[in-house]
Protein chains: 2
Amino acid sequence: MPSAFDKLASTRRHVRSGGPLFSAGDPFGSLYGVQGGFFKTSVVDGEGRWQVTGFYMAGDLLGLDGIGAGRYQLTATALEDSVVAVMPYPPDLQCELHRMLSREIVREHRLMLLLGSMHAEQRLAVFLLNLSRRLQRRGYSPLEFHLRMTRADIGSYLGMTLETVSRLFSRLQEQGILEIRQRRVRLIDIDRLRAIAEPA
Amino acid sequence: MPSAFDKLASTRRHVRSGGPLFSAGDPFGSLYGVQGGFFKTSVVDGEGRWQVTGFYMAGDLLGLDGIGAGRYQLTATALEDSVVAVMPYPPDLQCELHRMLSREIVREHRLMLLLGSMHAEQRLAVFLLNLSRRLQRRGYSPLEFHLRMTRADIGSYLGMTLETVSRLFSRLQEQGILEIRQRRVRLIDIDRLRAIAEPA
DNA sequence: CGCCCAGTTGAAATCCGTCAAAGATGGTGG
DNA sequence: CCACCATCTTTGACGGATTTCAACTGGGCG
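About the thresholds
Residues numbered from 1 in each chain as written. Chains lettered and ligands numbered in written order. Predicted model: local features only at pLDDT ≥ 70, side-chain atom pairs only at ≥ 80, totals over all residues. Heavy atoms only, no water. Least-squares fit on C-alpha atoms with pLDDT ≥ 70 in both. Contact = heavy atoms within 4.5 Å. Helix = DSSP H or I, 4+ residues; strand = E, 2+ residues; numbered from the N terminus. Buried < 20%, exposed > 50% of the residue type's maximum accessible area, 1.4 Å probe, protein only. Pairing = 2+ DSSP bridges. Phe/Tyr/Trp six-rings, centres within 6.5 Å; stacked < 30°, edge-to-face > 60°. Domains from an automatic or database assignment. Buried area = accessible area lost by both parts, 1.4 Å probe. Salt bridge = Lys/Arg side-chain N within 4 Å of Asp/Glu carboxyl O. Polar contact = N/O pair within 3.5 Å; in protein donor to acceptor, adjacent residues only side chain to side chain. Near = heavy atom within 4 Å. Core = buried A, V, L, I, M, F, W, Y, C linked by side-chain atoms within 4.5 Å.

## Here we look at the relation of the copies chain B and chain A
- Mapping chain B onto chain A calls for a rotation angle of 179° and an axial translation of 0.0 Å; the resulting RMSD is 0.1 Å. In symmetry terms, the pair is related by a two-fold rotation axis.
- Taken as a fraction of all interface residues of chain B, those also at the interface in chain A reach 100%, which identifies the copy contact as same-surface.

## Quick notes on the environment of A:Asp26
- Note that A:Asp26 resides in the loop between β2 (20-22) and β3 (30-36).
- Among all residues touching A:Asp26, those that are not within four sequence positions of it are A:Gly70, A:Arg71 and A:Tyr72.

## What to know about the pairing of β3(A)
All names here are of chain A.
- In terms of burial, β3 is largely enclosed, as 5 of its 7 residues are buried.
- Alignment of β3 against strand β8 (residues 82-88), held across 6 bridges, turns out to be antiparallel. Among the inter-strand pairings, valine 34 is bridged to a residue of β8, identified as valine 84.

## Quick word on the packing of aromatic side chains
- By the definition in use, this model includes 16 aromatic pairs over all chains.
- Aromatic ring contacts, followed pair by pair, group A:Phe22, A:Phe28, A:Tyr32, A:Tyr72 and A:Tyr89 into a single cluster.

## As for the sheet that holds strand β1 (residues 11-15) of chain A
All names here are of chain A.
- Pairing is antiparallel in the open sheet, where 4 strands are placed in the order β1-β8-β3-β6. Looking along the sheet, the strands with just one partner apiece sit at the ends: β1 and β6 (61-62).
- As paired elements, β3 and β6 share 2 bridges and run antiparallel to each other. Following the sheet pairing, glycine 33 is matched in β6 by leucine 61.

## As for the domain arrangement of chain A
Residue and element names in this part refer to chain A.
- Domain annotation for chain A reports domain 1 (4-93) and domain 2 (118-197).
- Between the C-alpha centres of domain 1 and domain 2 the distance comes to 24 Å.
- Across the contact, 15 residues belong to domain 1 and 12 residues belong to domain 2.
- The contact between domain 1 and domain 2 buries some 1,100 Å² in all, and 57% of this surface belongs to carbon and sulfur atoms.
- Per-residue buried area on domain 1 facing domain 2 is highest for Phe38, Phe55 and Met57; these three make up 47% of the total on that side.
- Seen at the junction of domain 1 and domain 2, the total is 4 salt bridges.
- The closest approach of N and O atoms between arginine 148 and glutamate 80, which form a salt bridge, is 3.2 Å.
- Remark: the boundary between domain 1 and domain 2 carries 8 residue pairs in polar contact (both at pLDDT 80 or more).
- When residues of the side of domain 1 that touches domain 2 are traced back to their parent elements, those giving at least two are β4 (38-44) and β5 (50-57).
- The element best represented in the side of domain 1 that touches domain 2 is β5, accounting for 8 residues.

## Notes on the protein's contact with DNA strand C
- Around DNA strand C sit 18 residues, and of these A:Ser166, A:Ser170, B:Ala120, B:Thr164 and B:Arg167 come closest.
- What you see for DNA strand C is that sugar and phosphate hold 64% of its atoms within 4 Å of the protein.
- In this structure, A:Arg151 approaches DNA strand C through a side-chain N or O atom, which is 3.0 Å from a phosphate oxygen.
- Between B:Ala120 and DNA strand C, the recorded distance is 2.8 Å, taken from a backbone N or O atom to a phosphate oxygen.
- For the surface near DNA strand C, the secondary-structure elements that each account for two or more residues are α4 (162-174) of chain A together with α4 (162-174) of chain B.

## What to know about the nonpolar core
- Counting 74 residues, the largest nonpolar core has A:Phe127 and B:Phe127 as its most contacted members.
- Not counting chain neighbours up to four residues away, the residues in contact with B:Phe127 comprise B:Phe55, B:Met149, B:Ile154, B:Tyr157 and B:Leu158.
- With 46 residues, the next largest nonpolar core counts A:Phe28, A:Ala76, B:Met87 and B:Met100 among its residues.

## Remarks on the interface of chain B and chain A
- The interface is formed by 41 residues belonging to chain B together with 43 residues belonging to chain A.
- Carbon and sulfur atoms make up 63% of the area that chain B and chain A hide from each other, which totals about 3,700 Å².
- Applying the counting criterion to the chain B and chain A interface returns 2 residue pairs in polar contact (both at pLDDT 80 or more).
- Counting only elements with at least two residues in the side of chain B that touches chain A, the list comes to β4 (38-44), β5 (50-57) and α1 (94-117) of chain B.
- No other element matches the 18 residues that α1(B) contributes to the side of chain B that touches chain A.

Shown next as structure tokens:
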């Protein structure tokens, strides 16, 4: 869903893998619609603690966090070479914007549910299924895909250490639920994965 | 900060302690500005797992979660007898609304940082300091206040069990950092509390 | 070809959840 | 006014899931 937003793009911007689209503290100016590539957002507090709080792919909107304070509150980093549509704010997309904002909020509440009340294995299962669904919507294979992020990124996002992520992948592989080689994932038994994500 | 929103209130509504302001699944119709009292919001997934995701007091806005899907996604429950300003949607508060939405999003990212990367004691310290600050802004004492929510609510919000919350309160009390009797809190050594919340 | 970052795996420590029981509080009705 | 009950809170013991620390492996890129 490249959506109505893209029409409002005044220009495009390319970001190299590893580079920042914007950093926490930068003055807010634009929203960004991801056209291609992959991003992560993270928060940092003054003490150097940080956490990945979201992953964004084509069709997603970045920069909403800057509307409130006039400065971006998050840092958005490209995980591969990427292209975004730059949309100077404020354009006249109030209504659709509202929906996006609200959806984002709901998404985050759900993520909190994840972080606050599920075991590590469940969190990873939910994460994989969610990723799979989002890829499918965009026309990619939901069963075989490439993780754009490191184990550390996933761990940070899910509130666990990278070692735990690694161990869980290994365990799911032993159980024949998926195959993972590096960042290449193949979901073999999606039903069992769902069962892990949503224990009756 | 009762803010510009209150002017838009068409009516008021009273909600009894324990009663719902709105429930997940209800059709969306209005936003609610809290005028007095105290609310919690929670999410549930189909399997009965649930989690408190926020606490709201006078000046806060409730119901944003319903804009996206046309139905409320969260359940808002009064923790004491409360009054809200009912604001039928959509009024013309686009701009201020954007800021609120965005701020809400940022708030949640920060909460995820809390949930995902801090130990239980830190989380509780952050929670208390945050509450203290919000109360101060509203003209109440930042050092002595009344918790409106149960240990279970706090635990759910912070991703831990009610027993852990209770034990942590006891420990902080033993250390002379605060005094807690039931829901009455007195912060004695706020600097040490900060030190726990933000270890260098 | 070799370095370096990412990933894997193991062992030990620990934090926190679970289960269980007892103590406090506040509201209600007799 | 008091007794009783439901709800909330505290505390203890125990076990298990994750983190931590550490060593090792393997690709990818210069």
